[in-house]
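# Residue-level structure breakdown
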Amino acid sequence: MNKTKNIFSKLRFSLQPGEEGGQLTGSTLFFICLTAILLMMAITAIVFFVAVKGSEEVLVPNVIGLPLEEGLLEMQVKELYPKIQLRYSDVPGDEGMILEQNPVAGTIVKASRRIDLVVSRGVVVNQIEDYTGMKLDDLRIKLQTLFSGTRTLITIAEPLYKADQSEAGTILSQNPPPGTQISQPVELELVVSRGPSYEQTRVPNLVGMTVPEILAQMSRSKIAFNFSARPATQEETAEGKAGTIVTQAASGEFIPNYGRLAAEFAFPTTPMNGNSYGIFTLQLPAYPYALNMEVRAVTPNGTQTTLTSFTHPGGQLTVPYALPKNSQLILLVEGRETARAQVQ
C-alpha cells in the first residue's frame, strides 16, 4: 500500500508556483504567442500569393478585318476584354469592322487583359445629297470640311456654266443624282448658273470724272473698266482736267453685263494735292462669273481705307488711285488678299 502511494506521489504534478508541471511560465507563454503570430502571418502570405497569382497567359488573336461581334467572340475564348474606340473610315461598306488592335496579334499576355480595338463607324457620308440650289463655293467648303482627315469620297469636276435667272454660282443640276449610294470615290458633274445673260448695263458718261468719282462709279456698275492713262497736257492742266477721264470708247447706250469699256485718264505729271496718280493693274484668272472684289489703301501713317468695292469677271483689272507716295494698295477677292502693290 505504501509502495503504491509513493508511485502516485512521484507521478503527481506539482501545482506549486515555480515547480515543473505547474502553471505556465512567462517565457513559455511568450513562445506560444510568437508561434501563433508567425503561423497567422504564414497563412496570410499563402492566401495573398494565391489570390494575386498571375492569370493564365494567352496568345492575342488576330481580329483585324473581322466584324466586331466575331472579334468579341474570339477574345472571349481567350478571356480577353475589349476597349473600343470608334473612328470614321474611308472605305465604304466597312461599318462595324475592326480596323486596328493593340497589342498586335501573336502577343502573349495574361488572361483578363484589356485589348484596344479601333472599330469603323462607316464613312462620313454613304450617299450623294441634293446639292441643287447651293452655291458652288459653299459646296466646296462643305466637302473640304466633311472629308478633313479622311479619304475624299466626293470631288467636283470642272463645272458646266450656263445662263440662268438664278444668282451666279448657283448649282442648277448634278450627276450622280441625289440618293446615289457611294461604293467608291465619286466625281460630281455640276451645271452652275452664270447669272441672267439677257441683262445689260447702261453705259455711263465717264468723261470729266475724277478718280474718286470713278471709284464710286465702279462700285455701282456691272462693267469691267479698262482704264489707261497719259500725262496731262499744259492746256488740260490749266483747264483743271488733270486727274480726270478725258476720253472713253464709243460703245452705244448699253453693253452686256461685265462687258469691257475703255476709258483714258489725263494724269498730272507731278504729285497734286500731296497725291500721286496711277492705275493699279493686275492680270487675274478669268472667272466663270463675277466675284466680289475690294481695293484697300494703307497710307504711310497706317490709316487703312476702302477705295472701292465691286464685282468683276477676272482677266485684266484696272483701278485708278490718287494716294500719298509709299501707300500700299491691297486687292481682296471674295475677302481673301490676292495682290498688293506700293504707290511710287
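Structure first, text after, so check above.
The paragraphs below set out a description of the structure included in this document. (Residues numbered from 1 in each chain as written. Predicted model: local features only at pLDDT ≥ 70, side-chain atom pairs only at ≥ 80, totals over all residues. Heavy atoms only, no water.)

## Quick notes on unusual backbone geometry
Residue Pro103 is reached from Asn102 by a cis peptide bond, and omega for that bond is 5°. Among the secondary structure elements, Pro103 is positioned in the loop between β3 (98–102) and β4 (108–110). Cis rather than trans, the peptide bond between Asn175 and Pro176 has omega equal to 5°. Take Pro176: it is sitting in the loop between β8 (171–175) and β9 (186–193). (Helix = DSSP H or I, 4+ residues; strand = E, 2+ residues; numbered from the N terminus.)

## Observations regarding the nonpolar core
Membership of the largest hydrophobic core comes to 51 residues, with the highest contact counts inside it found for Ile154, Phe227 and Leu331. Looking at this core, the elements with two or more residues in it are α4 (136–146), β9, α5 (211–220), β11 (224–231), β14 (260–267), β15 (276–298), β16 (304–323) and β17 (328–333). Among the nonpolar cores identified, the runner-up in size contains 12 residues, and Val60, Ile98, Val109 and Val119 belong to it. (Core = buried A, V, L, I, M, F, W, Y, C linked by side-chain atoms within 4.5 Å. Buried < 20%, exposed > 50% of the residue type's maximum accessible area, 1.4 Å probe, protein only.)

## Observations regarding the sheet that holds β3
Strand order in the open sheet formed by 3 strands is β2-β5-β3, with mixed pairing between adjacent strands. Single-partner strands in this sheet number two, and they are β2 (81–87) and β3. The average undirected angle you get between the axes of adjacent strands in this sheet is 25°. Alignment of β2 against strand β5 (residues 114–120), held across 7 bridges, turns out to be parallel. Across the sheet, residue Lys83 finds its bridge partner in β5, namely Asp116. (Pairing = 2+ DSSP bridges. Axes fitted to C-alpha atoms, helices over the stretch in contact; angles between N-to-C directions.)

## What to know about the layout of surface pockets
In this structure, the largest pocket occupies an estimated 610 Å³ of space. If you go around the largest pocket, you meet 24 residues; those closest to its centre are Ala168, Arg194, Tyr258, Tyr289 and Ala290. Where the lining of the largest pocket is concerned, the elements lending two or more residues are α4, β15 and β16. With 6 residues, β15 is the single largest residue contributor to the lining of the largest pocket. Size it by volume and the second largest pocket reaches roughly 310 Å³. Every residue lining the second largest pocket is listed: Asp137, Arg140, Ile141, Gln144, Leu291, Val333, Glu334 and Arg336. Looking at the lining of the second largest pocket, the element that brings in the most residues is α4, giving 4 residues. For the lining of the second largest pocket, the per-class residue count stands at 3 nonpolar, 1 polar and 4 charged. (1 Å grid on protein atoms, 1.4 Å probe; cavity = no way out; pocket = protein on both sides within 12 Å on 5 of 7 lines; lining within 4 Å. Points joined across faces, edges and corners; volume = space filled by probe spheres on them. Nonpolar A, V, L, I, M, F, W, Y, C, P; charged D, E, K, R; others polar.)

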